Amino acid sequence: MKNFRLGTTSLIVLLVLATLSSSSNARLPTCKPSGKIKAKKPPTGHCNIEDDDICCIKGKVYTTYKCSPPVSNKSTKAVLTLDSFEKGGDGYGPSKCDNKYHSDHTHVVSLSTGWYNGGGRCLSNITISANNGTSVKAMVVDECDSTMGCDEKHDYQPPCPNNLVIASQAVWRDLHVPMNEWGELDITWSDE
């Protein structure tokens with residue numbers, strides 16, 4: 001009988017902990033899709049058709065977001081990608097925060113719409129940490145639009161996922177990621 005009481009007590013404790021845990025998780029903000037975009041074929045010469053991962057594909061439906069996953073005080077999980085912020089680089093115009101271009105040799109990033117926070121992080125530094133134990137500070141200079149895409153304004157590129165930190169070559173280099181592995185990397189980031 002003693003084992004039964006211990007088992008029942010343990011079960012009750014576990015149920016209480018599970019209830020507390022689920023109710024506290026229910027209060028965490030969530031980020032749900034805000035809509036969808038059905039892509040049309042980009043006009044000739046407006047998008048690199050050989051690179052399907054950055055060009056809208058006719059008929060494909062893309063999910064849009066007005067938010068990003070909640071930001072943690074210590075570190076927020078994200079996906080790091082690569083872009084050039086130089087004139088004539090991968091981007092299609094000057095950075096949104098300062099209307100300037102930035103050298104591939106400077107630590108600059110673009111954030112998904114929710115994290116960009118309506119420009120609230122403009123020209124502020126964030127700390128990016130890789131799984132290899134290295135970290136680097138980079139300045140937020142642009143937004144990667146998660147709310148729209150597949151149009152002329154967005155160079156016929158799909159909406160950004162809501163969890164991207166898009167970084168210059170300097171960031172990748174100083175995170176000690178081998179060049180043949182540049183492109184996409186799971187990272188964490190935090191406000192400075």
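In this report, we go over the structure that sits alongside the text. Predicted model, so just to flag it, every value in this text is computed and none were measured.

What counts, and at which threshold
- Residues numbered from 1 in each chain as written.
- Predicted model: local features only at pLDDT ≥ 70, side-chain atom pairs only at ≥ 80, totals over all residues.
- Heavy atoms only, no water.
- Buried < 20%, exposed > 50% of the residue type's maximum accessible area, 1.4 Å probe, protein only.
- Helix = DSSP H or I, 4+ residues; strand = E, 2+ residues; numbered from the N terminus.
- Pairing = 2+ DSSP bridges.
- Axes fitted to C-alpha atoms, helices over the stretch in contact; angles between N-to-C directions.
- Polar contact = N/O pair within 3.5 Å; in protein donor to acceptor, adjacent residues only side chain to side chain.
- Contact = heavy atoms within 4.5 Å.
- Disulfide = S-S within 2.5 Å.

Below, the discussion takes up the pairing of strand E4 (residues 108-112). By the criterion of burial, E4 is predominantly enclosed, with five of the five residues buried. In the sheet, E4 pairs with strand E6 (residues 135-144) via five bridges, with the strands oriented parallel. Bridge pairing in E6 links Ser112 to Cys144.

For the rest of this paragraph, the subject is the sheet that holds E4. The six strands are arranged E3-E7-E4-E6-E5-E8 in a closed barrel whose pairing can be described as mixed. Within the sheet, the average angular offset between the axes of one strand and its neighbour, ignoring direction, is 45°.

With that out of the way, let us pick up the pairing of strand E5 (residues 125-130). As paired strands, E5 and E6 are joined by five bridges and run antiparallel to one another. Across the sheet, the residue bridging to Thr127 is Lys137, located in E6. Counted along the chain from E5 to the antiparallel partner E6, the turn is four residues long, and its residue Gly133 has a positive phi close to 95°. Relative to strand E8 (residues 184-191), E5 runs antiparallel, the two being bridged by five bridges. For Ile128, the partnering residue across the bridge sits in E8 and is Trp189.

Moving on to the side chain of Thr76. Along the chain, the position of Thr76 falls in strand E3 (residues 76-82). A residue is classified by how much of its surface remains accessible, and Thr76, at 4% relative accessible area, is buried. A distance of 2.8 Å separates the side chain of Thr76 from the backbone nitrogen of Ser72, its partner in a polar contact. With near-sequence residues (within four places) excluded, Thr76 lies in contact with Pro70, Val71, Trp115, Ile187, Thr188 and Trp189.

Turning to the state of the cysteines, a few remarks are in order. The tally for this structure, following the rule as stated, stands at four disulfides. The partner cysteine of Cys31 in its disulfide is Cys67, sulfur to sulfur 2.0 Å. The disulfide joining Cys31 to Cys67 has a torsion of about 95° about its S-S bond and is therefore right-handed. Remark: Cys67 occurs in the loop between strand E2 (61-64) and E3 and Cys31 occurs in the loop between helix H1 (2-26) and strand E1 (35-38); sequence separation between them is 36 residues. For Cys67, a relative accessible area of 21% puts it in the partly exposed group. Each sulfur of the disulfide joining Cys56 and Cys150 lies 2.0 Å from the other. Disulfide Cys56 to Cys150: torsion about the S-S bond roughly -95°, handedness left-handed. Pair noted here: Cys56 is in the loop between E1 and E2 and Cys150 is in the loop between E6 and strand E7 (164-167), with a separation of 94 residues, a long-range link.

Despite not being glycine, Asn99 has its phi angle at roughly 55°, a positive value. The residue Asn99 is located in the loop between E3 and E4 in this model. On the basis of relative accessible area, Asn99 is assigned to the exposed category, the value being 59%. The phi dihedral of His176 falls on the positive side, at around 60°, and the residue is not glycine. Secondary-structure assignment places His176 in the loop between helix H3 (169-174) and E8.

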